[in-house]
Amino acid sequence: MSDAATQPTRLADLANPTRFLDLSGKVLPWLGAIALIVTAIGLAMGFAAPEDYQQGSTVRIMYIHVPFAWISMMCYMVMAVAALGTLVWKHPLADVSLKAAAPIGAVFTALALATGSIWGRPMWGTWWVWDGRLTSVFVLFLMYLGLIALTRALDDPARSARAAAIVTLVGVINIPIIKFSVEWWNTLHQPASVMRLDGPTIHSSLLWPLLISALGFSLLFFTFHIMAMRAEIWRRRVSVMRRMMAKRADRDAAA
Amino acid sequence: MNHALFVTAAYVVSALALLGLGAWILLDQRARQKEMADLEAAGVKRRSERKARRDAAS
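Remember, it's a predicted structure, so these values are computed and weren't measured experimentally. (Residues numbered from 1 in each chain as written. Chains lettered and ligands numbered in written order. Predicted model: local features only at pLDDT ≥ 70, side-chain atom pairs only at ≥ 80, totals over all residues.)

Help me understand the overall build of chain A, please; the structure alone is not making it clear to me.
Regarding its fold elements, chain A presents 9 helices and 0 strands. Each helix (α) and strand (β) of chain A, taken in turn from the N terminus, gives the series α-α-α-α-α-α-α-α-α. Expressed along its principal axes, the backbone C-alpha trace of chain A runs to roughly 80 × 35 × 35 Å. For chain A, the residues scored as buried account for 37% of the 255 residues in total. Residue pairs at least 24 apart in sequence account for 78% of intrachain contacts in chain A once pairs closer than 6 positions are excluded. (Helix = DSSP H or I, 4+ residues; strand = E, 2+ residues; numbered from the N terminus. Buried ≥ 20, exposed ≤ 12 C-beta atoms within 10 Å, placed from the backbone. Contact = placed C-beta atoms within 7 Å.)

Help me out: how do you make sense of the overall build of chain B in this one?
Per the secondary structure count, chain B includes 2 helices and 0 strands. For chain B, the proportion of its 58 residues judged to be buried stands at 12%.

Help me understand the nonpolar core in this model?
Nonpolar side chains in soluble globular proteins tend to end up buried together. Core analysis: the biggest nonpolar cluster contains 65 residues, and Cys 75, Met 79, Leu 98, Ile 104, Phe 108 and Phe 221 of chain A have the highest contact counts within it. Within the residue set of this core, elements represented by two or more residues are helix H3 (17-48), helix H4 (62-89), helix H5 (94-124), helix H6 (132-151), helix H7 (157-171) and helix H9 (204-254) of chain A together with helix H1 (3-41) of chain B. With near-sequence residues (within four places) excluded, Phe 108 of chain A lies in contact with Phe 68, Ile 71, Ser 72, Cys 75 and Phe 221 of chain A. (Core = buried A, V, L, I, M, F, W, Y, C linked by C-beta atoms within 7 Å.)

Just checking my understanding: could you explain the interface of chain B and chain A for this structure?
A common way to state how big an interface is: give the accessible area lost once the parts meet. Opposite the 24 residues of chain B that make contact, chain A presents 28 residues. Split into classes, the residues belonging to the side of chain B that touches chain A amount to 15 nonpolar, 5 polar and 4 charged. (Nonpolar A, V, L, I, M, F, W, Y, C, P; charged D, E, K, R; others polar.)

Even after reading the chapter, I still don't get the environment of Thr 58 of chain A, so can you show me in this structure?
Residue and element names in this part refer to chain A. Examined against the element boundaries, Thr 58 turns out to sit in the loop between H3 and H4. According to the C-beta neighbour criterion, Thr 58 is buried, with 22 such atoms within 10 Å. For the pair formed by Thr 58 and Gly 120, sequence separation is 62 residues and the distance between their alpha carbons is 9.5 Å.

What's the story with the packing of H3 of chain A against H9 of chain A in this structure? I'm lost.
Two numbers describe a pair of packed helices, the interaxial angle and the distance between the axes. Residue and element names in this part refer to chain A. At a minimum axis distance of 7 Å, the contact between H3 and H9 shows a crossing angle of 155°. Regarding the angle of H3 to H9, the classification is roughly antiparallel. For H3 against H9, the interelement crossing comes out left-handed. A per-class count over the contact of H3 with H9 returns 21 nonpolar, 8 polar and 1 charged. (Axes fitted to C-alpha atoms, helices over the stretch in contact; angles between N-to-C directions. Parallel < 35°, antiparallel > 145°, perpendicular 65-115°, else oblique. Left-handed = near helix turned anticlockwise from the far one by under 90°.)

What's the story with unusual backbone geometry in this structure? I'm lost.
A negative phi holds for most residues other than glycine; trans holds for most peptide bonds. Phi at Lys 90 of chain A is positive, roughly 50°, even though this residue is not glycine. If you trace the backbone, Lys 90 of chain A turns up in the loop between H4 and H5.

What is the right way to look at the packing of H5 of chain A against H1 of chain B in this model?
Running from N to C, H5 of chain A and H1 of chain B cross one another at 175°; their axes reach a closest spacing of 9 Å. Judged by the angle between their axes, H5 of chain A and H1 of chain B are roughly antiparallel. On H1 of chain B, the residues that touch Ile 104, Val 107, Leu 111, Ala 114, Thr 115, Ile 118, Trp 119, Arg 121 and Pro 122 of chain A of H5 of chain A are His 3, Phe 6, Ala 9, Ala 10, Val 13, Ser 14, Ala 17 and Leu 21 of chain B. Residues belonging to the contact of H5 of chain A with H1 of chain B are distributed by class as follows: 13 nonpolar, 3 polar and 1 charged.

Sorry, what's going on with the confidence of the model for chain A here?
Note: predicted coordinates in regions of low pLDDT should not be interpreted at a detailed level. All names here are of chain A. Looking at chain A as a whole, the pLDDT averages 88, with 95% of positions reaching at least 70. By mean pLDDT, the top-scoring element of chain A is H4 (95), and the lowest-scoring one is helix H1 (residues 3-6) (46). Between residues 1-6, whose pLDDT stays under 50, and residues either more than four places distant or in other chains, the model counts 1 contact. (pLDDT = per-residue confidence, 0-100.)

Teacher, can you tell me more about the confidence of the model for chain B here?
Here chain B averages 85 in pLDDT, while 78% of its residues score no lower than 70. Interface confidence in the predicted complex, given as ipTM, is 0.86; pTM for the same model is 0.89.

Just to check I follow, could you spell out the environment of Ala 101 of chain A for this structure?
Residue and element names in this part refer to chain A. Following the sequence through the fold, Ala 101 ends up in helix H5. Under the C-beta neighbour-count criterion, Ala 101 is labelled buried, with 26 such atoms within 10 Å. In contact with Ala 101, not counting residues within four places along its chain, are Cys 75, Val 78, Met 79 and His 225.

For this particular structure, what's the right way to read the environment of Leu 98 of chain A?
All names here are of chain A. Mapped onto the elements of the fold, Leu 98 is located in helix H5. With 116 residues separating them in the primary sequence, Leu 98 and Ala 214 have C-alpha atoms 22 Å apart. Residues in contact with Leu 98, not counting those within four places in the same chain, are Met 79, Ala 82, Ala 83, Thr 86, Thr 151, Ala 164, Ala 165 and Thr 168.

The following block contains the structure:
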């Protein structure tokens, strides 16, 4: 055998669930600790920063609302990449990643909607409007719920993987709709103020706490995601072992 | 109306939801590991483990 075949690349190493468990077990405590520290720094900076001249103290809701909204979309893109992993590369961890991410995405999306709503009441004078941005994010939330149901509907993960991957990829169309909803339709929601071609329009005293919080919450998302992936790998191992035990019991009974 | 109330509500709701999510994932991990330990104690081995043992023995 050639050297190339005996020395797999690092990425291929990760395709092996046992290697993934080993490596993620070592990385997770650090990742979790860094996530908590960075989030705490970001939020502390947010509370130390001056209040917004229009929003007053409610601007502080933005340090959690905006990261949650970004992560709700980032999580969906992680799932879309995983869906490609299932359909194109038949990566053994791709479906594990998709299934594990769905509930986490649902929680972050629900929090984006909830914190937005709590901010909207004092600032817009209403908890909710059915406009382009809010409705498209609500649709994203429903898609997460649908994918949670779909990935847990069948006992055999190999059969639900394909269906979940296809549905996930079809749903990607919603992501640009969310992003550009504030430009395409009349809405109460403000247009993009950070991710724009001509640069952010937020003053740096408010922008930095926001970016650091967003980094912290993103690290927290990946910590949760890797933890949930480990649980899912174990769940699949248990079901394989149970099936083997049942087969053995059948053989013993027949003998 | 007092804005501090809205800010507090947003942070409390978020903290509860994220703590709940983390706890749920941790409990899921614990339960699955216990199931694996029980099955291994009952003598069930995964195919790869049996193969590894055979390889080591030969």
